[in-house]
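Residues per chain, in single letters:
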Amino acid sequence: MNSTRPKVELEIGSIDLDKDCTITVTPEKLFGRHLGILGSTGGGKSFTTARILEECLKKNSRVICVIHRDRFNLAISKSIL
């Protein structure tokens, strides 16, 4: 019996010049080993993290997120309720 699960992809962005061209990644590739989101002040680290969390929650994923600041409390608490 060949049972294949549908491929899950997280949409994490799009190309500036062509908004219809989305950037997707599978959870296995994104979280397979380690994930670091690095950048300078104002570089979009918080936006990127929030986008990844939103996409995971859309797919009914279980997410454990350890954050040392309050930045995502509102977004996470609204999604859990």
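A brief structural summary. (Residues numbered from 1 in each chain as written. Predicted model: local features only at pLDDT ≥ 70, side-chain atom pairs only at ≥ 80, totals over all residues. Heavy atoms only, no water.)

Here we come to unusual backbone geometry. Here the phi dihedral of N60 falls at roughly 55°; this positive angle occurs in a residue that is not glycine. Tracing the backbone shows N60 in the loop between α2 (45–58) and α3 (73–80). On the accessibility criterion, N60 (71% relative accessible area) is exposed. (Helix = DSSP H or I, 4+ residues; strand = E, 2+ residues; numbered from the N terminus. Buried < 20%, exposed > 50% of the residue type's maximum accessible area, 1.4 Å probe, protein only.)

Attention now goes to the pairing of strand β1 (residues 10–15). As paired strands, β1 and strand β2 (residues 18–25) are joined by five bridges and run antiparallel to one another. What sits directly across from L10, in β2, is V25. Where β1 hands over to β2, the hairpin turn is made up of two residues, counted between the paired strands. (Pairing = 2+ DSSP bridges.)

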